[in-house]
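# Report on the structure
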Amino acid sequence: MDELTEAYVKWKYNFNLSDNFNEEYSFKIDAVNIYTLEKEVCIHRSENTKAAVALVSAGYLGTSPEFPSLAISLQTLELYYTLRLFKPSFSVEAFAKALCHLYSIPFHRGYRTGLSDTFDVYLAIRRRIDSQVAKELGHEGANYCVLNSCPACCYKLEDEPELEFSRMWVVDRNNSLKRMAGIGNREVSDTRIFGESDYYLSEDFVNIYAGEIKARPLACNIEDEDPDELQSDWVDEEHGDPTDGIEDSELAQCTENWKAAAADQQKKMWGIFHESGYFASACRHGFVLWVADMIRSGELAKYPLAIVAKALGVLPPRWLMGYDIGCSFGGTILRSSLGPEFAKQKCRTCVNAFHGYSHNAACQQKYHPLNILGMGLEDLETLERLFSSSNQLAPLIRYMTAYRRRVFIDIFLQQWDQEKYQNLATMLHNNYVQALNILEDEAKALQADLLAKGITIEDLETYFVEESNHLKEIGKEAEGDLHAVAYVELLQRYRELSSACDNAAADFRSQTPADYEFLASAASYSRNLSDGRRAETKRRYLREQRDKTLFEVVQMETAMSISPRWEPTDREYIETIEYMNTRKYRQALERLYKLVIQRLFELHKMNLSFTGYKMRTHISNALQRRSKAIRNAVKTYNSAAAAIGRPTLDWVKVTHYSFLDQFNVLQDTRHSILDKKWADPVVRHLMKQHRQVARAKEEIQHCNIQIRRLQTSIFDEDKKFQKVLEHLKDTSMYFPVHDFINRRRAVNQLLLSRIYQTQALPGFTGNRNPGVREGSGPPTSTSVPMNFDLPDPDSDDGEDAEDDEIVDGMGAVIEYMSNLST
Ligand SMILES: [Zn+2]
Ligand SMILES: [Zn+2]
């Protein structure tokens, strides 16, 4: 392998090629070269050169190391590699077919296999060169990437203001990168484990955390779903999921919603997959930290716990982690073996913005990004973007070996990070502009509205406290006496039966004709007899039922020492009826809420996942069904609300986000709540706006720090590059390192020009001069080290456009959801 790598570098950078060869040892071989379309090449070599090495020196790679029958040109492999970087779904088979087409020969599987095997070797050579380049640049060592790849997170400067959180990062799972369990002997033939990835956590490491949390099954099954659909062999009854560690009843509703959504996903036939997806983590700027494969399981607690273990060991203290179930997962961490370290390092969890809206109000107050001090405008949705991109790999890796699957995911993640780096200054710029706009527009509107309402910022702060105090009380409302409910229900039944009994007796009497004549005619006698018997049977049956119920009533009265019997005009009776109506109301509201949330999740999935047509059809059918269910739930809710004199809802409002926000207000059945200031929808909007303005101010502070970090790291890097190149002069490593540096410098120039653009914004308040990296000693030179020739950052914004498209897509979902009226 070393020889091949060396030969590759010589070929690639075109130096030191000896033409001392022996005609005797030269050989001809069938070849594939997309640029020349030659069918055969003659390979020269000297006596001591191996065939494989001679091939590489000539720019070819053999399909097998010892006796290759076919050679593929390195340029062809390089082309395929490059295409794949930008189109991860471009399969080896498609490329092999394209080659066959150019060569005017029919495709057969052998070509694909040959190309695939050769590509493996090509990638191995590349990895070797990459790691040598990294070594020369000092980019090696455990956790180098996590600690360095994102300058905005990692390049801490001296004298920076202290931020609330040292790092913001996010974790989530994705189910689309599944791989079928071994088919036939395929698994046996390739047992390699790809261990060279900087991102992957090993299965053994993950399993250290397997036994930490015990499973706690979903308390209630999702309604209107067929329980038999659930693949019971898939449900892990022993190992807990990320919500199973909590004992906090306040978050019970969040976990229930989450479990229901998770169970919904597990209904698919996943038993046939070995890897059922992957767990990923990334910083707020999108740089990937660690990933772990999910092996034959759903979203178990061990995956995020393993990633948290890494974070506690590697990242600086006081980090903040976002996760769609971050509220209860915080409790799960604390109850695991990682708890003490987590607490000691003062780390915390939160939920990401989109999922946050589906959590209850008490949870949102503590865990939603909008309400967290020091959070800035971060929505923590960065993994949605990663997943929507990595989903492209899904159809390709489904039938690969475990080894190749990881290789391809690893390449994808590296490329992803490259693009995130290239886009970093633009991202910070956009955040800056967004924050400035909020300060410009929202802050002004807020001031005007506060004035109009006659309240102040301090009032809003008071309302937050009042709301949160109130939310603590929720669920603690006076519970009605369940015995009284049972007793009143029994009395109601007894009364119904009594009147039915009286009616039946009346019926029986009416069966007796007015012109009754003894034995008038045989026919009418038998008819009368049969009608009479039926009425009599009914009467007797009802009487039995009534007596039985009366017996139960008396029994209950004895047990509850009730005497005399409650009458509908009695105070106790009325209070119990009121309580029963309220309970009915609450149940109707809860069902409605659950349905809306489920639909929210479905819409989310429909938009962002690279789901196939069939899947989308399935989801949209489910949505139609759900819409009908929501309509019915609204009807039930309205009649329950009318019964207790609460305002009714209309369908259009229910499908709007604001319903979720109002849920906890509606949930409280004490009438006084509707008079509370903070329950007023206009005030609620102002409270939100106020928070947003506060977050925008923090965002400006974050951007000021992070832009300067990036700027400094670019200047420092350039100084280092000059030194390294100097040092490597006249060695073979000079060329690949130079190649790397050239590309990096071009990207850095782009970043700098964007940084200068941000610094030129009218509202920019940061420091425009580069700083000194913490712990790097006094600066060696204060002047800008090189003359950057700055390109126009707007000239190519392909990457931005794609990101914006996704964000726009998100907006479309919300829009769609708010407008959905059928
Ligand atoms: Zn970052
Ligand atoms: Zn929650």
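Parameters and conventions
- Residues numbered from 1 in each chain as written.
- Chains lettered and ligands numbered in written order.
- Predicted model: local features only at pLDDT ≥ 70, side-chain atom pairs only at ≥ 80, totals over all residues.
- Heavy atoms only, no water.
- Helix = DSSP H or I, 4+ residues; strand = E, 2+ residues; numbered from the N terminus.
- Buried < 20%, exposed > 50% of the residue type's maximum accessible area, 1.4 Å probe, protein only.
- Contact = heavy atoms within 4.5 Å.
- Areas by Shrake-Rupley, 256 points an atom, 1.4 Å probe, with all protein chains shown as cover.
- Donors = N, O, S within 2.8 Å, 3.2 Å for Na, K, Ca; no water.
- Tetrahedral: all angles 85-135°; square planar, octahedral: opposite > 155°, others 65-115°.
- Axes fitted to C-alpha atoms, helices over the stretch in contact; angles between N-to-C directions.
- Left-handed = near helix turned anticlockwise from the far one by under 90°.
- Nonpolar A, V, L, I, M, F, W, Y, C, P; charged D, E, K, R; others polar.
- Polar contact = N/O pair within 3.5 Å; in protein donor to acceptor, adjacent residues only side chain to side chain.
- Pairing = 2+ DSSP bridges.
- Phe/Tyr/Trp six-rings, centres within 6.5 Å; stacked < 30°, edge-to-face > 60°.
- Lys NZ or Arg CZ within 6 Å of the ring centre and 35° of its normal.
- Salt bridge = Lys/Arg side-chain N within 4 Å of Asp/Glu carboxyl O.
- Core = buried A, V, L, I, M, F, W, Y, C linked by side-chain atoms within 4.5 Å.
- pLDDT = per-residue confidence, 0-100.
- Parallel < 35°, antiparallel > 145°, perpendicular 65-115°, else oblique.
- Expected span 1.5 Å × (residues − 1).

## Overview of the overall build of the protein
- Scanning the protein from N- to C-terminus turns up 28 helices and ten strands.
- Burial statistics for the protein: of 822 residues in total, 49% are counted as buried.
- Partitioning the intrachain contacts of the protein with sequence separation of at least 6 by distance along the chain shows that 79% fall at a separation of at least 24.
- Within the structure as shown, the protein displays about 40600 Å² of accessible surface, and the carbon and sulfur contribution to it stands at 52%.

## A closer look at the coordination of the zinc ion (ligand 1)
- Protein coordination of the zinc ion (ligand 1) is provided by C150 (SG), C153 (SG), C283 (SG) and H285 (ND1), with donor distances spanning 2.1 to 2.3 Å.
- One can describe the site at the zinc ion (ligand 1) as tetrahedral: its four donor atoms subtend angles covering 100 to 115° at the metal.
- Coordination of the zinc ion (ligand 1) draws on donor residues from a single chain, spaced C-x2-C-x129-C-x1-H in sequence.
- Given a relative accessible area of 3%, H285 falls into the buried group.

## Here we look at the packing of helix 4 (residues 92-103) against helix 5 (residues 109-136)
- Between helix 4 and helix 5, whose axes approach to 9 Å, the crossing angle comes to 115°. Viewed along their axes, helix 4 and helix 5 form a crossing whose handedness is right-handed. For the pair formed by helix 4 and helix 5, the contact residues are V92, E93, F95, A96, L99 and C100 on the first element and Y111, R112, L115 and S116 on the second.
- When grouped by side-chain class, the residues that make up the contact of helix 4 with helix 5 number seven nonpolar, one polar and two charged.

## Side note on the side chain of S753
- Residue position: S753 is located in helix 27 (residues 734-759).
- At 2.8 Å, the side chain of S753 forms a polar contact with the backbone oxygen of L750.

## A short note on the sheet that holds strand 3 (residues 60-62)
- As summarised here, the arrangement of the four strands in space is 2-1-4-3, forming an open sheet in which the pairing is mixed. If you trace the sheet from one side to the other, it starts and ends with strand 2 (40-43) and strand 3, each paired once. In this sheet, neighbouring strand axes are inclined to one another by 45° on average, regardless of whether the strands run parallel or antiparallel.
- Alignment of strand 1 (residues 27-32) against strand 2, held across four bridges, turns out to be antiparallel. Looking at the pairing, F27 lines up with I43 of strand 2.
- Running over the sheet, helix 5 touches strand 3 and strand 4 (70-73) and is turned about 120° from strand 3.

## Here's the deal with the packing of aromatic side chains
- In this structure the tally under the stated criterion is 23 aromatic pairs.
- On the basis of an interplanar angle of 70° and a centroid distance of 5.8 Å, the ring pair of F205 and Y209 is categorised as edge-to-face.
- An angle of 85° between the planes, with centres 5.1 Å apart, marks the rings of Y487 and W566 as edge-to-face. Linking Y487 in helix 20 (residues 482-511) with W566 in the loop between helix 21 (522-559) and helix 22 (571-608), this pair joins segments that are 79 residues apart in sequence. Neither residue differs from the other here; Y487 and W566 are each classed as buried.
- Aromatic ring contacts, followed pair by pair, group Y8, W11, Y80, Y81, F90, F95, F119, Y122 and F408 into a single cluster.
- Directly above the aromatic system of F107 lies the positively charged group of K97, at a separation of 5.3 Å from the ring centroid.
- In this arrangement the basic side chain of K420 is found over the ring face of W416, its NZ or CZ atom lying 4.4 Å from the centre.

## A short note on the side chain of Q706
- For Q706, the position within the fold is in helix 26 (residues 681-728).
- A relative accessible area of 6% means that Q706 is categorised as buried.
- When residues no more than four places from it in sequence are discounted, the contact partners of Q706 are A152, R284, H285 and L428.

## A word on the pattern of salt bridges
- Applying the stated rule across the entire model yields 32 salt bridges.
- One salt-bridge network, in which partners are shared between bridges, spans K12, E78 and R126.

## Topic: the pairing of strand 4
- Here strand 4 shows no split at all, with L70 and I72 on one side and A71 and S73 on the other all buried.
- Alignment of strand 1 against strand 4, held across three bridges, turns out to be parallel. Its bridge partner being in strand 4, A31 is matched across the sheet by A71.
- Strand direction decides the pairing type here: strand 3 and strand 4, joined by three bridges, are antiparallel. Within the sheet, the bridge partner assigned to L61 lies in strand 4 and is I72.

## Observations concerning the nonpolar core
- Counting residues in each nonpolar core, the largest one holds 71 residues, and the members touching the most others are Y122, L386 and V737.
- Looking at this core, the element that brings in the most residues is helix 18 (residues 402-453), giving eight residues.
- Those residues in contact with L386 that lie beyond four places of it in its chain are Y278, A280, V288, F412, L413 and W416.
- In this structure, C150, C154, Y463 and V683 belong to the second largest nonpolar core, which totals 39 residues.

## Focus: unusual backbone geometry
- In this model, S563 is joined to P564 through a cis peptide bond whose omega is 0°.
- Secondary-structure assignment places P564 in the loop between helix 21 and helix 22.
- A positive phi angle, near 55°, is found at S104, a position not held by glycine.
- Summarising the element assignment, S104 is placed in the loop between helix 4 and helix 5.

## A closer look at helix 1 (residues 2-12)
- Within helix 1, burial applies to L4, T5, A7, Y8, V9 and W11.
- Contacts made by the buried residues of helix 1 are with helix 2 (51-57), helix 3 (74-86), helix 5 and helix 27.
- One or two positions beyond helix 1, positive phi appears at N14, with a value near 55°.

## Details of the confidence of the model for the protein
- For the protein, per-residue confidence averages 81 on the pLDDT scale, and residues scoring 70 or more make up 79% of the total.
- The low-confidence segment residues 220-234 (pLDDT under 50) makes 31 contacts with residues lying over four places distant or belonging to another chain.

## Examining the environment of R493
- Of note, R493 is situated in helix 20.
- The exposure class assigned to R493 is partly exposed, which follows from its relative accessible area of 39%.
- Between the alpha carbons of R493 and L550 there is a distance of 9.4 Å; along the sequence they are 57 residues apart.
- When residues no more than four places from it in sequence are discounted, the contact partners of R493 are Q545 and T549.

## Brief notes about the packing of helix 16 (residues 382-390) against helix 18
- At a minimum axis distance of 11 Å, the contact between helix 16 and helix 18 shows a crossing angle of 130°. One finds that helix 16 runs oblique with respect to helix 18. For the crossing formed where helix 16 meets helix 18, the hand is right-handed. Every residue of helix 18 that contacts helix 16 at R385, L386, S389 and S390 is listed here: F412, L413 and W416.

## Topic: the environment of N22
- Checked against the element boundaries, N22 lands in the loop between helix 1 and strand 1.
- Here the alpha-carbon distance between N22 and N48, two residues 26 residues apart in the chain, equals 9.8 Å.

## Overview of helix 18
- The terminal C-alpha atoms of helix 18 lie 62 Å apart, and with 52 residues this falls more than 12% below the ideal 76 Å at 1.5 Å per residue.
- Backbone geometry just downstream of helix 18 places G454 in the positive-phi region, at approximately 70°.

## Quick notes on the pairing of strand 5 (residues 168-174)
- Among the seven residues in strand 5, seven count as buried, and that is most of the element.
- Along strand 5, one buried face is formed by M168, V170, D172 and N174 and the opposite face, lined by W169, V171 and R173, is buried too.
- Direction of pairing for strand 5 relative to strand 9 (residues 320-322): parallel, over a ladder of three bridges. Residue W169 lies in a different strand from strand 9, and its bridge partner there is M321.

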